[in-house]
Amino acid sequence: MLFPKNFFWGASTSAFQIEGAYNIDGKGLATTDVRPVPEGIADTKVACDHYHHWRQDVDLMAELGLKTYRMGFSWSRIMPDETLVPNEKGLAFYDQLIDYLLEKGIEPLVTLYHFECPQALVDAFGGWQSRRMIDAYAAYAEVCFRHFRGRITKWVTVNEQFIASAAPGMAMAYIEDPFERSKKIWQISYHISLAEHKAFSLLKKIDPEALIGPVCSIQVVYPLSSKPEDIRAAMEAEEMMEFCLLDMSVYGEYSPFARTWLQERNLLPAAEEEDVQILHASRPDFIGINYYFSVCAEYAEKPFDFDTSFFWAADDCRIVANPHLTKTEWMNMGTDPLGLYDGMVKIYNRYRLPMIVTENGMAVSEALDEEGKIHDDYRIGYLSDHIRQVGRLCEEGYPVFGYCPWSFMDVLSSHQGFAKRYGLVFIDRTDTDVKECQRYKKDSFEWYRKVIETNGEEL
Ligand code: BG6
């Protein structure tokens, strides 16, 4: 394996999934703090209690040898409400964390928006449903860019815009009528695109040396069969689930296919005159890649179904699991390392931008054994198979500059609590008992430490 010399071996988390301390030191409530959580599933109040364990966590990262730490800022900790006044204590929390990371030689890669925003903005004007959110996000981004100028040199605007725009509990799409909901979700995603481009432009003014880009959940879609209709269905699903929003991030416009698709369904977002200029004024420096599994598409003749949980359900396509892949408890679509290579080649061919894997991981239910260990050879297998594909991309000359497994430690799942774990570090708590949130290194921790030490020679 030939990884570049300064390859960014990293690991990922996000703010609401680890921090806890949901209402202290001036933090406003976030949308994820107030969303309904089913009985028996952990909420954000404590999460991994990273807010009180951050120094120990960074020490573990240093022991692991991380070159980069892909983390998130909590918007509502930094800018709690619609007055847009920064919270000094929130900034101070991140100051100490960022400074300690830098002291340990770990470069922070910071996500500004990862599935959550201040609830106050939703209450005041409907959050992303309103164009006021574009300026609120820009104000928040500007505070971060100015405050951390020179210390944070890599930024992510938005994590998985596709999911962020559509998830009802996270993105304010509480609308009964399915068509109106779809329309609103597209409008929300359009506002996010405008906000993202404002952030790209702002960073270039404030800190021209720093880099910025979106993180995309790459949705590799294979045709279920060689029937031309299935092949077309897979192509269309990828266009709408992945490329459509990345085209907005990179080129500031929808592809002809996506535009027509939206127009035909009366889903094209309302735009204003100034938008074209905003969207075309900037481009990202890199693309972050989140990849967990691939899916298959099969042609299904049926009327457009607005009443689906995801806005990407296409009219003539059904998304199904690949029958050739092995499924596990939490990975019901199976795992497919080759898909990571295929997906990244497609992204590079379309955008010609440097890429970093910002998330890739395997979820398993885990508990400490009598010796306080987690022997997660399954995770080691999953990660090494995927890292091999990244190595192949590097060897072939694709500009991949880093790899970050999800997740550095077990985190609160986006919606399934602590039963589902991805971490290299075990957090000793359950959904219903927060205990002390003690940290334990899993076997994958030591394995990944060697991977980093040998720059990917030992996998
Ligand atoms: C990614 C998100 O989509 O998937 C993470 O960026 C999330 O926030 C991860 O945790 C895994 O998904 P889940 O639902 O298992 O937590």
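Just above sits the structure.
The structure displayed is predicted, hence computed values, not measured ones.

Asks: Which residues make up the site of the ligand, and what values go with them?
Replies: Every one of the 14 residues lining the ligand counts as a neighbour, but Q17, E160, S414, K420 and Y422 are closest to it. Within the side chain of Q17, an N or O atom sits 2.7 Å from an oxygen atom of the ligand. One of the side-chain N or O atoms of S414 is found 2.6 Å from an oxygen atom in the ligand. In the complex, 91% of the free accessible area of the ligand, which totals 370 Å², lies under the protein chains. Considered class by class, the residues forming the shell around the ligand number four nonpolar, seven polar and three charged.

Asks: Describe the packing of aromatic side chains, naming the residues involved and giving the relevant values.
Replies: Applying the stated criterion across every chain, the model contains 27 aromatic pairs. Ring centres of W9 and Y448 lie 6.3 Å apart, and the angle between their planes is 80°; on these two criteria the pair is classed as edge-to-face. Taken together, the residues span a long stretch of sequence, with W9 in strand β1 (residues 8-12) and Y448 in helix α16 (residues 443-453) at a distance of 439 residues. Using a relative accessible area of 0% as the deciding quantity, one classes W9 as buried. Accessibility expressed as a relative area gives 0% for Y448, which makes it buried. Between F243 and Y351, the ring centres sit 6.4 Å apart and the planes meet at 50°, which makes this aromatic pair tilted. Linking F243 in helix α11 (residues 228-251) with Y351 in helix α14 (residues 337-351), this pair joins segments that are 108 residues apart in sequence. A residue is classified by how much of its surface remains accessible, and F243, at 5% relative accessible area, is buried. Grouping aromatic residues by their ring pairs yields a cluster made of Y51, F73, F93, Y94, F145, F148 and W155. Here the guanidinium or amino end of R55 rests over the ring plane of Y100, the centre of that ring lying 4.4 Å away.

Asks: Could you give an account of the environment of D410, with specific residues and numbers?
Replies: Here D410 is to be found in the loop between β11 (400-403) and β12 (425-428). Overall, D410 belongs to the buried group, its relative accessible area being 0%. With 133 residues separating them in the primary sequence, D410 and Q277 have C-alpha atoms 42 Å apart. Of note is the side chain of D410, whose polar atom sits 2.9 Å from the backbone nitrogen of G423.

Asks: Tell me about the sheet that holds β1, and name the residues and values.
Replies: In any sheet, the strands associate via hydrogen bonds between backbone groups, in a parallel or an antiparallel arrangement. Here eight strands make up a closed barrel; going around it, the order is β1-β2-β3-β4-β5-β7-β10-β11 and the pairing parallel. When the angles between neighbouring strand axes are averaged without regard to direction, this sheet yields 30°. Sheet analysis places β1 next to strand β2 (residues 68-72), joined by three bridges and oriented parallel. Opposite G10, over in β2, you have T68 as the bridge partner. Along the sheet, α14 contacts β7 (287-290), β10 (355-359) and β11; its crossing angle with β7, the most-contacted strand, is approximately 155°.

Asks: Give a detailed account of the sheet that holds strand β9 (residues 317-320), specifying residues and quantitative values.
Replies: Taken in spatial order, the three strands make up an open sheet running β6-β8-β9, and their pairing is mixed. Bordering the open sheet on either side are β6 (221-223) and β9, each of which pairs with just one other strand. Strand-to-strand twist of the sheet, defined as the mean angle between neighbouring strand axes without regard to direction, takes the value 35°. One ladder, built from three bridges, connects β6 with strand β8 (residues 295-299); its direction is parallel. In the strand pairing of β8, V221 is matched with V295. Where α11 meets the sheet, its contacts fall on β6, β8 and β9, and the angle it forms with β8 comes to roughly 125°.

Asks: Describe empty space enclosed by the protein, listing the residues and the values that go with them.
Replies: Applying the stated criterion to the full structure yields three cavities of 30 Å³ or more. Size it by volume and the largest cavity reaches roughly 100 Å³. Taken together, 14 residues line the largest cavity, and the ones lying closest to its centre are Q161, F162, V215, C216 and L245. At the level of elements, α8 (161-166), β5 (211-217) and α11 are the ones that each hand at least two residues to the lining of the largest cavity. If you tally residues by element for the lining of the largest cavity, the top one is α11, at five residues. Class assignment for the residues of the lining of the largest cavity results in eight nonpolar, three polar and three charged. Looking at the lining of the second largest cavity, the elements that each hand over two or more residues are α1 (15-18) and α2 (31-34).

What counts and what doesn't
Residues numbered from 1 in each chain as written. Predicted model: local features only at pLDDT ≥ 70, side-chain atom pairs only at ≥ 80, totals over all residues. Heavy atoms only, no water. Near = heavy atom within 4 Å. Polar contact = N/O pair within 3.5 Å; in protein donor to acceptor, adjacent residues only side chain to side chain. Areas by Shrake-Rupley, 256 points an atom, 1.4 Å probe, with all protein chains shown as cover. Nonpolar A, V, L, I, M, F, W, Y, C, P; charged D, E, K, R; others polar. Phe/Tyr/Trp six-rings, centres within 6.5 Å; stacked < 30°, edge-to-face > 60°. Helix = DSSP H or I, 4+ residues; strand = E, 2+ residues; numbered from the N terminus. Buried < 20%, exposed > 50% of the residue type's maximum accessible area, 1.4 Å probe, protein only. Lys NZ or Arg CZ within 6 Å of the ring centre and 35° of its normal. Pairing = 2+ DSSP bridges. Axes fitted to C-alpha atoms, helices over the stretch in contact; angles between N-to-C directions. Contact = heavy atoms within 4.5 Å. 1 Å grid on protein atoms, 1.4 Å probe; cavity = no way out; pocket = protein on both sides within 12 Å on 5 of 7 lines; lining within 4 Å. Points joined across faces, edges and corners; volume = space filled by probe spheres on them.

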